[in-house]
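Letter by letter, the chains look like this.
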Amino acid sequence: MATAAEEEAAAAAAREPACRPAAGPALLCLPEELLLLIFSYLDMQALGRLAQVCRWLRRFTSCDLLWRRIARASLNSGFTRLGTDLMASVPVKERVKVSQNWRLGRCREGILLKWRCSQMPWMQLEGDSLYISQANFILAYQFRPDGASLNRRPLGVFAGHDEDVCHFVLANSHIISAGGDGKIGIHKIHSTFTVKYSAHVQEVNCVDCKGGIIVSGSRDRTAKVWPLASGRLGQCLHTIQTEDRVWSIAISPLLSSFVTGTACCGHFSPLRIWDLNSGQLMTHLGSDFPPGAGVLDVMYESPSTLLSCGYDTYVRYWDLRASARKCVMEWEEPHDSTLYCLQTDGNHLLATGSSYYGVVRLWDRRQRACLHAFPLTSTPLSSPVYCLRFTTRHLYAALSYNLRVLDFQNP
């Protein structure tokens, strides 16, 4: 048995910074810059084995520079396709370790929130907060440090709609919400300021906001453009006749155009891009869509690339630089289920939510087949996944009766 003094000495030694061994292989005598170059050719397994040699190599091989190349090829490691690091405060090696759980489908399932009546919730993440709609309210919750649980008391409750909230986005410290009452609501997150105005004659199904401009789409077969400026709220800039119910909408990162996803009943193309300044049609995407192939979710990844999904059971990846008439990649839901929502890490990982049994699917965009499927409900309580969001450690899915979490950090 070790004495208390011996245990304390061992702990102190472990806290001391590791020094380069005075004697050992000639390799360790090389300059650190040269070692970085040599070790940069190693793969993940080789770096892990090298870290077991001694404490100094363990510290040295944890350098972000050595893991950056591996992380960019990994799933959901916080790097975009262009190499932008979205999680610079987290060591790259730790993110690669969690990424292996996403690749292998290792996670722990939990329930964050429950509600008694069936809902069609929408949600957004911002920092350590989660915003979720329930009936005609939007509630804000704070995550606990583990990210897999919430503080039970909401940080804020945002009301104002007379019917259910269909959709909302976060922009410029505001919540912009679309309601079944045909109104758009503007809520300041850190104050009690709330404004709502009549936007459409029927329910507003979708809304987006960027650069001080709001776009909305409705069941009344119109899309509208609005200013966010406080003195001009409710002043419609453009009204666009879409000939179809508008299910989804998104503004281009360049703030020059926006895309609508419609029901594909009255018009042959469910995806059309409109000029944000004039409201004129710029182009339509794809051809030969079957009637009813409505687009339920659409998102821009870059000014020239976007993803869409919907009733025809496909996720499509569009590159406007290549062609507007044919997508460059597509993934089919294997059980012929409608796809309600999608989310991407900006690189290789794609997640989709299906219409039956709360099925969340993970896809590696470098291959056609689904990587993993997670059914989150049983047969008697089958529910669509109305919305999903994820971080590098957790995935959150909003169902009819609860909010689920898949914890990939501590499976």
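Just so you know, these numbers come straight off a predicted model, no measurement behind them.

Cut-offs and rules
- Residues numbered from 1 in each chain as written.
- Predicted model: local features only at pLDDT ≥ 70, side-chain atom pairs only at ≥ 80, totals over all residues.
- Heavy atoms only, no water.
- Core = buried A, V, L, I, M, F, W, Y, C linked by side-chain atoms within 4.5 Å.
- Buried < 20%, exposed > 50% of the residue type's maximum accessible area, 1.4 Å probe, protein only.
- Helix = DSSP H or I, 4+ residues; strand = E, 2+ residues; numbered from the N terminus.
- Contact = heavy atoms within 4.5 Å.
- Phe/Tyr/Trp six-rings, centres within 6.5 Å; stacked < 30°, edge-to-face > 60°.
- Lys NZ or Arg CZ within 6 Å of the ring centre and 35° of its normal.

> Quick rundown of the nonpolar core? Include the residues and the values.
The biggest cluster of nonpolar side chains holds 25 residues, and the ones touching the most others in it are Y131, I132 and L403. Sorting the residues of this core by element identifies strand 1 (108-114), strand 3 (129-134), strand 4 (137-142), strand 6 (165-171), strand 27 (394-398) and strand 28 (402-407) as the ones contributing at least two each. With four residues, the single largest contributor to this core is strand 4. Each residue touching L403, except ones within four places of it in the same chain, is listed here: G110, I111, L112, L113, W115, M123, L130, I132, Y396, A397 and A398.

> Run through the packing of aromatic side chains, naming residues and quoting values.
Remark: the centre distance and the inter-plane angle together describe each pair of aromatic rings, the angle taken between the planes. Following the criterion strictly, the structure yields 10 aromatic pairs and no others. For the ring pair Y197 and W226, a centre distance of 5.2 Å and an interplane angle of 50° mean the geometry is tilted. In this pair, Y197 sits in strand 9 (residues 194-198) while W226 sits in strand 12 (residues 222-227), placing the two residues 29 residues apart along the sequence. Exposure class is identical for Y197 and W226. Each is buried. Geometrically, the ring pair formed by Y356 and Y357 is tilted, given 6.3 Å between the ring centres and 45° between the ring planes. For Y357, a relative accessible area of 39% corresponds to the partly exposed category. By the ring-pair criterion, three or more aromatic residues cluster together here, those being W102, F374, F390 and F408. When the ring centre of F193 is taken as origin, the NZ or CZ atom of K188, which lies over that ring, is 5.4 Å away. The ring of Y317 has R365 sitting right over it, with the charged end atom 4.8 Å from the ring centre.

> How would you summarise the environment of L271 if you had to cite specific residues and measurements?
Of note, L271 is situated in strand 16 (residues 271-275). Note on L271: relative accessible area 1%, which makes it buried. Spatially, the C-alpha atom of L271 lies 7.4 Å from that of V295, the residues being 24 residues apart in sequence. Beyond its immediate chain neighbours, meaning those up to four positions away, L271 contacts V259, T260, G261, H284, L285, V295, V298, S308 and W318.

Function cannot be inferred from these measures alone, as they are strictly geometric.
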